[in-house]
Amino acid sequence: MSPASTGASITVDAATTVPVSDTSASDSRMTPGGPGYRRMSLALFLAGVATFALLYSTQALLPLISGEFGVAASEASWTVAAATGGLALFVLPMSALSERFGRRTVMTASLAVAVTVGLLVPFAPSLGALVVLRAVQGAALAGLPASAQAYLAEEVRPKALVTAIGLFVAGNSVGGMSGRVVTGWVAQEWGWRVAVGVIGLIAVGCAIAFRLLLPAPRHFTAGSLRPRVLLGTVRDHLANPLLRRLYAIGALFMTVFGGVYTVIGYRLTGAPFGLPQGIIGSIFLVYLVGTVSASTAGRLVGRLGRRGALYLAGGTTAAGLLLSLVPSLPLVLLGLVLITAGFFAGHAVASSAVSKTATRGRAQASALYQSTYYIGSSVGSTVGATAFHADGWEGTVGVGLLAVLGVVTITVLGSVAARRSPAAIAA
């Protein structure tokens, strides 16, 4: 029987164990409606808002950045790829720091550095300087995603975990949406530099509220910073077939999303649409769909199972990509709605599965997911922009469809593995 069914404990790291029974009176972890749950949810929601608002603050502004510095879409896209690449490279080291110094401490420090850099970004004198600042900002933000998921895995009861992580992901979607909408309208009146400065100020407010609201951890036990211990934990996670599949699925979903939203501004400013910057920024209101799909991922898994939810998310994303090919603004918008809903649902399902699958070193397991996830974003941004430069929107959609095909293929392989070994857990 599984640990959950026997009331046994799951090992979180080498030094501590956490009981997994939801019905045990001794389980003091948070649950919906219980003490501290709302404060925790709001705090991490705001952290998610700040993370995505800062991380993608230049994405909706790429046509303006291209115009000011006289560069093509593929070059301007590095202001996005550098931030996500910096996050991907540093998320594992930052997760190790969170094992030693605590989740809340690392998340607070990460936000503090990221918002400080965010206030410097508007003063970048060149594209090169802007890319460097964005890379530093992404590296600072690396302390948020993996630490947040590890905090939730330790402080929230297992049955509420998918919902809790879904709310954090929903904060990501609100941050991505509000950041792009705000920058679009502000940039239309005062330029892209003022727009990213406004995002920096909003993120400062979110960071302060996060630190004041987040309850102190009650189930964290400090781990080791020894490289041998860290490498051993990472090796164990990479040896787990299910975790490898989940990492690949997260990366592929993000390849689609990164490519589409990096290029969409160029498509809508060009023929036959010719939309102004403010309207293009408002297009990102479709992120609200992602907020809903991420926060309901738990119910989706309950009805369809993990693999069924991933098939639905992949199919929805593919349908949106195909619909966006039609040169009609309403249909392009509907396509973006489907892409966004499918992406956020798939991301919430895969990321929560990582947290539930890892039985030790959860911060490292989540960090590996976040690393591959943001590598997918960097690849999607650069390859999607390059494909757009070569073949137009059809090229970007082609890249996205190949990534969705990868998601479906990996999920099918998980189904095959489950049939061959019924005792195994498969994605």
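Parameters at a glance
- Residues numbered from 1 in each chain as written.
- Predicted model: local features only at pLDDT ≥ 70, side-chain atom pairs only at ≥ 80, totals over all residues.
- Heavy atoms only, no water.
- Core = buried A, V, L, I, M, F, W, Y, C linked by side-chain atoms within 4.5 Å.
- Buried < 20%, exposed > 50% of the residue type's maximum accessible area, 1.4 Å probe, protein only.
- Helix = DSSP H or I, 4+ residues; strand = E, 2+ residues; numbered from the N terminus.
- Contact = heavy atoms within 4.5 Å.
- Patch = residues over 30% accessible without salt bridge, like charges linked within 9 Å, V, L, I, M, F, W, Y side chains within 5 Å.
- Areas by Shrake-Rupley, 256 points an atom, 1.4 Å probe, with all protein chains shown as cover.
- Salt bridge = Lys/Arg side-chain N within 4 Å of Asp/Glu carboxyl O.
- Polar contact = N/O pair within 3.5 Å; in protein donor to acceptor, adjacent residues only side chain to side chain.
- Phe/Tyr/Trp six-rings, centres within 6.5 Å; stacked < 30°, edge-to-face > 60°.
- Axes fitted to C-alpha atoms, helices over the stretch in contact; angles between N-to-C directions.
- Left-handed = near helix turned anticlockwise from the far one by under 90°.
- Nonpolar A, V, L, I, M, F, W, Y, C, P; charged D, E, K, R; others polar.
- Parallel < 35°, antiparallel > 145°, perpendicular 65-115°, else oblique.

Examining the nonpolar core
Counting 119 residues, the largest nonpolar core has Leu44, Tyr261 and Tyr374 as the members making the most contacts within it. In terms of residue count, the dominant contributor to this core is helix α12 (residues 241-269) (15 residues). Filtering out sequence-adjacent residues up to four positions away, Leu44 remains in contact with Met107, Ala148, Tyr151, Leu152, Phe168, Phe210 and Leu214.

Details of a nonpolar patch on the surface
There is a patch of nonpolar side chains on the surface, built from Ile375, Val379 and Val383 and spanning about 210 Å² of accessible area. Note on placement: Ile375 falls in helix α17 (residues 362-391). On the basis of relative accessible area, Ile375 is assigned to the partly exposed category, the value being 44%.

Here's the deal with the environment of Arg104
Take Arg104: it is sitting in helix α6 (residues 103-120). Sequence separation of Arg104 and Arg211 is 107 residues, and the distance between their C-alpha atoms is 8.1 Å. Ignoring any residue separated from it by four or fewer positions in sequence, one finds Arg104 in contact with Arg211, Leu214, Pro215, Ala216 and Pro217. Within the local environment of Arg104, its side chain forms a polar contact with the backbone oxygen of Leu214, the two atoms lying 3.0 Å apart.

Description of the packing of aromatic side chains
The description of an aromatic ring pair rests on the distance of the ring centres and on the angle between the ring planes. One pass over the structure, following the stated rule, counts ten aromatic pairs. Look at Phe343 and Tyr373: their rings are 6.3 Å apart centre to centre, the planes differ by 15°, and that puts the pair in the stacked class. One end of the pair, Phe343, is in helix α16 (residues 329-357); the other, Tyr373, is in helix α17, with 30 residues separating them in the sequence. A single burial state applies to Phe343 and to Tyr373, both of which are buried. Here the aromatic rings of Tyr369 and Tyr373 are separated by 5.8 Å at their centres, their planes lie at 20°, and the arrangement is stacked. Of this pair, Tyr369 and Tyr373 both sit in helix α17, separated by four residues, roughly a single helical turn. An aromatic cluster of three or more residues is present, and its members are Phe257, Tyr261, Phe343, Phe344, Tyr369, Tyr373 and Tyr374.

A closer look at the packing of helix α15 (residues 297-323) against α16
For the pair α15 and α16, interaxial distance at closest approach is 7 Å and the crossing angle is 145°. Judged by the twist between their axes, the crossing of α15 over α16 is left-handed. Residues belonging to the contact of α15 with α16 are distributed by class as follows: 18 nonpolar, six polar and one charged.

So, the side chain of Thr357
You can see Thr357 is positioned in helix α16. Taking relative accessible area as the criterion, Thr357 reaches 15% and is therefore assigned buried. Not counting the four nearest positions on each side in its chain, Thr357 is found in contact with Asn240, Leu242, Leu243 and Leu246.

Some words on the environment of Gly232
If you trace the backbone, Gly232 turns up in helix α11 (residues 227-238). Spatially, the C-alpha atoms of Gly232 and Gly361 are 10.0 Å apart, while their sequence positions differ by 129 residues.

What about the packing of helix α2 (residues 37-55) against helix α7 (residues 127-141)?
Remark: α2 packs on α7, axes separated minimally by 10 Å, with the N-to-C direction vectors making an angle of 160°. Comparing the axis directions of α2 and α7 gives the class roughly antiparallel. The crossing of α2 and α7 is left-handed. Contacts from Thr51, Leu54 and Leu55 in α2 reach Arg134, Gln137, Gly138 and Leu141 in α7. Of the residues that constitute the contact of α2 with α7, the class distribution is three nonpolar, three polar and one charged.

Overview of the environment of Val286
Within the element layout of this structure, Val286 appears in the loop between α13 (277-282) and α14 (287-295). On the basis of relative accessibility, which here comes to 11%, the residue Val286 falls in the buried class. As a C-alpha pair, Val286 and Met177 span 109 residues in sequence and 7.4 Å in three-dimensional space. If near-sequence neighbours (up to four positions away) are discounted, Val286 is found in contact with Tyr261, Leu336, Val337 and Thr340.

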